[in-house]
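Spelled out, the chains give:
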Amino acid sequence: MRKRAILITGANGEIGHGLISSLHQKHEQNIIALDLQPMDSKITGYIKEGIVGNILDKNLLEQINGEYAISEIYHLAALLSTRAEFSPQVAHEVNVGGTINLLELAVKQSRSQGQAVKYFFPSSIAVYGFTSLNEKILNPILKEDEHCDPQTMYGCNKLYCEKLGIYYSHHYQRLAAEFTPGLVDFRSIRFPGLISASTIPTGGTSDYAPEMIHAAVQGKPYACFVRPDTIIPFMTMPDAIKSILNLMNADKQKLSRLVYNITAFHPTAEEFFDKILNYFSNAEVSYVINKKRQAIVDSWPAEVDDSIARADWGWKPEYDFQSAFETYLIPKIKLHYGQ
Ligand code: SER
């Protein structure tokens with residue numbers, strides 16, 4: 001008998017930390033965590049097994065397939081947008097190759113168990129793309145199917161993986177005699193920039209907001225790499241985790257699509273700084289603009305329309321801009337740095 005499991009890749013990442021803690025609080029006992037690095041001590045107590053390995057290692061995935069009966073996959077491993085620009089081919093291999101390897105694992109698991117395997121894929125506002133700041137200003141809020149013209153390797157990877165997930169759900173091996181749609185129950189959310197009180201992102205381009213807040217709490221000056229008027233949507237990590245669990249638990253009949261926008265608040269970089277000054281009046285932020293990273297953020301929308309997620313599965317963020325700072329970020333980041 002194979003052991004029952006839910007598999008989480010990229011377990012050591014920011015979303016992985018939040019998701020694993022939250023699943024543990026909900027008494028999930030069967031988490032198998034996969035990451036390139038040994039599991040962080042903060043999550044080892046919450047998982048059944050930590051596997052150090054690469055999602056591109058097909059032998060390892062075959063071994064996992066033989067050992068476990070997997071009901072859900074949360075495929076979080078990826079290179080983020082800034083890092084992906086420095087190594088586009090590696091980003092493609094990891095972000096796309098890893099996703100398809102896990103979709104294949106989901107198909108095998110589904111066939112052997114005789115039931116669909118749920119597959120969560122974190123997509124991103126990076127799937128959108130404007131060619132100029134003017135175009136962004138003229139289109140202040142985007143629905144799921146508008147302006148999907150990514151300008152980064154990461155955005156291209158995410159958009160294509162959304163399509164792969166839809167293909168594996170509806171059309172996988174459509175010409176085969178034993179064609180069975182629905183082997184994979186793929187569900188995806190396009191996240192805005194995420195801000196966690198207990199971790200900081202590595203290699204993203206929305207990193208200026210979390211970096212600015214974490215620097216202020218530590219009393220360190222911060223050189224912000226985008227203009228003060230830069231605007232994209234953001235969300236707290238607890239809301240991101242809540243959204244994943246809500247979507248994964250939603251009744252499939254109610255889902256009118258497989259990929260959803262969600263959002264919580266969309267302040268400018270300067271509004272982030274002003275908010276921080278309310279709590280840390282000595283906070284220091286200078287603007288040392290990195291034109292290339294600025295262009296990436298300027299290609300992303302100022303806001304997204306999440307009305308379909310709200311209607312289909314009751315999405316609603318717990319934190320707005322004010323309460324995110326007041327009741328989550330400031331108290332929790334202070335605790336994180338022992339204040
Ligand atoms: N936050 C991500 C990044 O900046 C986008 O999804 O790369």
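Residues numbered from 1 in each chain as written. Predicted model: local features only at pLDDT ≥ 70, side-chain atom pairs only at ≥ 80, totals over all residues. Heavy atoms only, no water.

(A) Quick peek at the overall build of the chain. Looking only at helices and strands, one finds 13 helices and eleven strands in the chain. Its C-alpha radius of gyration of 20 Å places the chain within 12% of the 20 Å reference for a compact globule of 339 residues. Expressed along its principal axes, the backbone C-alpha trace of the chain runs to roughly 65 × 45 × 40 Å. Per-residue burial for the chain yields a buried fraction of 56% across its 339 residues. Pairs at least 24 apart in sequence give 77% of the contacts found in the chain among residues at least 6 apart. Put simply, the chain has 32 plus and 37 minus side-chain charges, and the middle of one group is 4 Å from the middle of the other. (Helix = DSSP H or I, 4+ residues; strand = E, 2+ residues; numbered from the N terminus. Rg over C-alpha atoms; globule rule 2.2 N^0.38 Å. Buried < 20%, exposed > 50% of the residue type's maximum accessible area, 1.4 Å probe, protein only. Contact = heavy atoms within 4.5 Å. Lys, Arg positive; Asp, Glu negative; His and termini not counted. Charge placed at Lys NZ, Arg CZ, Asp CG, Glu CD.)

(B) Seen up close, the pattern of salt bridges. A full pass over the atoms with the stated rule returns ten salt bridges. Two residues, Arg 187 and Asp 185, come together in a salt bridge whose shortest N-O distance is 2.9 Å. For the pair formed by Arg 187 and Asp 185, the shared burial category is buried. Shared partners join several salt bridges into a network, and the residues in it are Asp 185, Arg 187 and Lys 252. (Salt bridge = Lys/Arg side-chain N within 4 Å of Asp/Glu carboxyl O.)

(C) Spotlight on the side chain of Lys 158. Take Lys 158: it is sitting in helix α7 (residues 153-170). For Lys 158, the residues in contact, after removing those within four places along its chain, are Ala 78, Phe 121, Pro 122, Ser 123, Ser 124 and Val 127.

(D) Representation of empty space enclosed by the protein. As enumerated under the stated definition, the model contains one cavity of 30 Å³ or more in all. What the largest cavity holds in volume is close to 30 Å³. For the lining of the largest cavity, the secondary-structure elements that each account for two or more residues are α5 (88-113) and α7. Here the lining of the largest cavity takes three residues from α7, the largest share from any one element. (1 Å grid on protein atoms, 1.4 Å probe; cavity = no way out; pocket = protein on both sides within 12 Å on 5 of 7 lines; lining within 4 Å. Points joined across faces, edges and corners; volume = space filled by probe spheres on them.)

(E) Local environment of the site of the ligand. Around the ligand, the neighbouring residues are Leu 80, Ser 81, Ser 124, Tyr 154, Gly 204, Thr 205, Ser 206 and Trp 300. Between the ligand and Ser 81, the relevant distance is 2.5 Å, taken from an oxygen atom to a side-chain nitrogen or oxygen of the residue. In this structure, Ser 124 approaches the ligand through a side-chain N or O atom, which is 2.6 Å from an oxygen atom. Within the complex, the protein chains bury 90% of what would otherwise be the 240 Å² of accessible surface of the ligand. Taken atom by atom, the bulk of the ligand overlaps the largest pocket. (Near = heavy atom within 4 Å. Polar contact = N/O pair within 3.5 Å; in protein donor to acceptor, adjacent residues only side chain to side chain. Areas by Shrake-Rupley, 256 points an atom, 1.4 Å probe, with all protein chains shown as cover. Sits in = over half its atoms within 2 Å of the grid points.)

(F) Summary view of helix α8 (residues 208-217). Summarising burial for α8: nine of the ten residues are buried, a large majority. Remark: Gly 219 follows α8 within two positions and exhibits a positive phi of approximately 70 degrees.

(G) Main features of helix α10 (residues 269-279). Buried residues of α10: Ala 269, Phe 272, Phe 273, Lys 275 and Ile 276, and no others. The buried residues of α10 occupy an angular sector of 165 degrees when the element is viewed end-on, so they sit on one face. Close packing links the buried residues of α10 with β7 (193-195), α8, β8 (222-224), β9 (234-236), β11 (285-287) and α13 (321-336). (Arc of directions from axis to C-beta.)

(H) Region of the structure containing the sheet that holds strand β5 (residues 117-124). With respect to topology, seven strands assemble into an open sheet ordered β3-β2-β1-β4-β5-β6-β10, the strand pairing being parallel. Taken across any chain shown, the strands that pair with only one partner, and hence form the sheet edges, are β3 (49-52) and β10 (259-261). Neighbour-to-neighbour, the strand axes of the sheet open up by a mean angle of 20 degrees, direction not taken into account. The strands touched by helix α1 (residues 14-25) within the sheet are β1 (3-9), β2 (31-35), β4 (68-75), β5 and β6 (184-191), with β1 carrying the most contacts at an inclination of about 150 degrees. Along the sheet face, α5 touches β1, β4, β5 and β6 and points at about 150 degrees away from the line of β4. (Pairing = 2+ DSSP bridges. Axes fitted to C-alpha atoms, helices over the stretch in contact; angles between N-to-C directions.)

(I) Geometry of the nonpolar core. Counting residues in each nonpolar core, the largest one holds 111 residues, and the members touching the most others are Tyr 74, Tyr 208, Phe 272 and Trp 313. At eight residues, the largest contribution of residues to this core is made by α5. Each residue touching Trp 313, except ones within four places of it in the same chain, is listed here: Ile 189, Ser 243, Asn 246, Leu 247, Ala 250, Leu 255, Tyr 260 and Ile 262. (Core = buried A, V, L, I, M, F, W, Y, C linked by side-chain atoms within 4.5 Å.)

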